[in-house]
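Architecture at a glance
Okay, here's what each chain looks like letter by letter:
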Amino acid sequence: MSGTSSAAATDGAAGVRIPRDREDDYTPAMADRRRAMLTGLTGADLSGVAGAPFDPALARGNVENFIGVAQVPIGVAGPLRIHGEHARGDFIVPLATTEGALVASYSRGMRLLTGCGGVTTTIVEESMQRGPVFSFATAAAARDFGAWVTGRFGEIKRVADGTSHHARLRDIDQFQVGPLRYLRLNFTTGDAAGQNMTSRATAAACEWIAAHHPARPAYLLSGNIDTDKKHSHINTLLTRGRRVVAEAVLSRTALRAAMGVDTAELFRWRQAAATGTLLAGAAGNGAHAANGLAALFIATGQDAANVAESHASLTYTQLLDSGDYYWSVTLPALIVATCGGGTALPTQRECLALLGCAGPGHARKLAEICAATVLAGEISLAAAVVHGDWVSAHERLGRNRPGAG
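Figured I'd write up the structure that's included with this text. Note that this is a predicted model, so its numbers are computed, not measured.

1. Digging into the pattern of salt bridges
- Overall, the coordinates contain 18 salt bridges when judged by the stated rule.
- Linking Asp24 and Arg60 is a salt bridge whose minimum nitrogen-to-oxygen distance equals 2.9 Å. A residue pair is termed long-range when its members are at least 10 positions apart, and Asp24 in the loop between helix 1 (6-11) and helix 2 (28-42) and Arg60 in the loop between helix 3 (47-51) and strand 1 (74-84) qualify at 36 residues.
- We classify Arg60 as partly exposed; its relative accessible area is 47%.
- A salt bridge links Asp25 to Arg34; the nearest nitrogen and oxygen atoms lie 2.9 Å apart. For the residue pair Asp25 and Arg34, the accessibility class agrees, reading buried in each case.
- Among the ionic contacts, a cluster of salt bridges with common partners joins Arg130, Asp226, Asp228, Arg240 and Glu309.

Below, the structure written as structure tokens:
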């Protein structure tokens, strides 16, 4: 173990080593020691970070240099009625956020959707990728390598699938630039998000390819075409995680009663907003999918960085002849899990349990709940913008002024 001296604390952070115990670093004593070092170094009071009832041993595999927990407020929105292939019934959705008005807005959208009969959800496709790149001397050699890979898919699949009880290689997309051949290995990963298991499976597959191809090609495990933790157009087209659709028909009467706007007004707003999205080159033509997803991800122990991919959304609407309004949201790269990662931590598992999604067998159900939640948020925000109470709602619910009582 190593600590810090008072001289280091007064001279600043340069040269300071964070205390660690190689035998067992996940103990209350080690967390106390690190907090004491940080307080001595900076003067910061870390009693809030230390205050939650949390056994440091539970954080093993989730974080290093543990000092405590970030306590994010959790509110609940709903009820939200879902008619899904996996999520069926009325749900109260936990949302962890520090943005005032967010939970109220999503709850308003959920109540409207439920009053109009609910949301239908459909999982269209699922896959998780790793995208290695192989390098050759010439473009022709790279092209011929691609044909070689296609002809040996069965052997590559056997090697990749043998690394995991859950990862299963579905197919391999190929793309070429000059003498580089990019492979995009698509896996199903059960109830895990799957980035780690697909990395392990792809590494085994690449080693087998490099050993058996006559050229013994060099490769990088990730050529960045998997676009891990980044939005990309290829994921919008080809799916990463799960492609999920949430759709509903809003009654014209119910919309006017709940939100104070007419469906025709809403449809005109959609045309302007869609054009603005095109002008901006945004990741989707919706309003704010990241808001609900980030709050739901934090509450349920998802990898929050996956919001970078998951928030991409495609909105499609119709003003029906009846005057009612069809609204759908498609999430082409939704990455969620109910096993692994942070899903087993205490508060996160409790929030998953609120949704009936704790443990194996529930990832598809959680994905459908996420998509339905996004649809509720899109409707509520759009109606607030059209009606003109967007700013006033945030002023009333979302202003946390310094020094305010």
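2. Quick word on the side chain of Ser328
- With respect to the helices and strands, the residue Ser328 is situated in strand 10 (residues 325-334).
- Residues in contact with Ser328, not counting those within four places in the same chain, are Val245, Ala246, Glu247, Leu314, Thr315 and Tyr316.

3. Description of empty space enclosed by the protein
- Applying the stated criterion across every chain yields a total of one cavity of 30 Å³ or more.
- Quantified by volume, the largest cavity comes out at close to 70 Å³.
- For the lining of the largest cavity, the secondary structure elements donating two or more residues are strand 3 (119-130), strand 6 (180-188) and strand 8 (241-250).
- No other element matches the three residues that strand 3 contributes to the lining of the largest cavity.
- For the lining of the largest cavity, the class distribution of residues is six nonpolar, four polar and two charged.

4. Regarding the environment of Glu64
- Turning to its location among the elements, Glu64 is positioned in the loop between helix 3 and strand 1.
- Residue class for Glu64 comes out exposed when judged on its relative accessible area of 53%.
- Considering only alpha carbons, one finds Glu64 and Leu278, 214 residues apart in sequence, at a separation of 42 Å.
- Not counting the four nearest positions on each side in its chain, Glu64 is found in contact with Arg20 and Tyr26.

5. Side note on the nonpolar core
- Formed by 50 residues in total, the largest nonpolar core has its most connected members in Val93, Leu95, Leu113, Trp327, Leu334 and Leu375.
- With 12 residues, the top contributor of residues to this core is helix 14 (residues 363-387).
- Dropping the residues within four chain positions of it, Leu95 is found in contact with Pro73, Ile74, Gly75, Ala77, Leu102, Val103, Tyr106, Gly292, Ala295, Leu296 and Ala299.
- Counting residues in hydrophobic clusters, the runner-up holds 22 residues, among them Phe136, Ile172, Ala192 and Ala201.

6. Points about helix 11 (residues 289-300)
- The terminal C-alpha atoms of helix 11 lie 17 Å apart, and with 12 residues this matches the ideal 16 Å at 1.5 Å per residue to within 8%.
- Three or more residues of helix 11 are buried, namely Ala289, Gly292, Leu293, Ala295, Leu296, Phe297, Ala299 and Thr300.
- Downstream of helix 11 by a residue or two, Gly301 has a phi angle that is positive, lying close to 80°.

7. Remarks on the layout of surface pockets
- Counted as a void, the largest pocket has a volume near 1,300 Å³.
- Of all the elements in the fold, those that place two or more residues in the lining of the largest pocket are helix 7 (195-212), helix 11 and helix 13 (346-354).
- Looking at which element gives the most residues to the lining of the largest pocket, the answer is helix 13, with four residues.

8. Some points on the pairing of strand 2 (residues 88-96)
- Looking at chain direction, strand 1 and strand 2 are connected through eight bridges and run antiparallel. Counted as the bridge partner of Leu80 is Phe91 from strand 2.
- Between strand 1 and strand 2, which pair antiparallel one after the other, the connecting turn spans three residues.

9. Here's the deal with the pairing of strand 3
- For strand 1 and strand 3, the ladder comprises three bridges, and the chain directions are parallel. Note on strand 3: the bridge partner recorded for Ile82 is Val119.
- Pairing of strand 3 with strand 8, which is carried by seven bridges, proceeds in the antiparallel orientation. Counterpart to Ile123 in the pairing with strand 8 is Val244.

Reading the values: the criteria
- Residues numbered from 1 in each chain as written.
- Predicted model: local features only at pLDDT ≥ 70, side-chain atom pairs only at ≥ 80, totals over all residues.
- Heavy atoms only, no water.
- Salt bridge = Lys/Arg side-chain N within 4 Å of Asp/Glu carboxyl O.
- Helix = DSSP H or I, 4+ residues; strand = E, 2+ residues; numbered from the N terminus.
- Buried < 20%, exposed > 50% of the residue type's maximum accessible area, 1.4 Å probe, protein only.
- Contact = heavy atoms within 4.5 Å.
- 1 Å grid on protein atoms, 1.4 Å probe; cavity = no way out; pocket = protein on both sides within 12 Å on 5 of 7 lines; lining within 4 Å.
- Points joined across faces, edges and corners; volume = space filled by probe spheres on them.
- Nonpolar A, V, L, I, M, F, W, Y, C, P; charged D, E, K, R; others polar.
- Core = buried A, V, L, I, M, F, W, Y, C linked by side-chain atoms within 4.5 Å.
- Expected span 1.5 Å × (residues − 1).
- Pairing = 2+ DSSP bridges.

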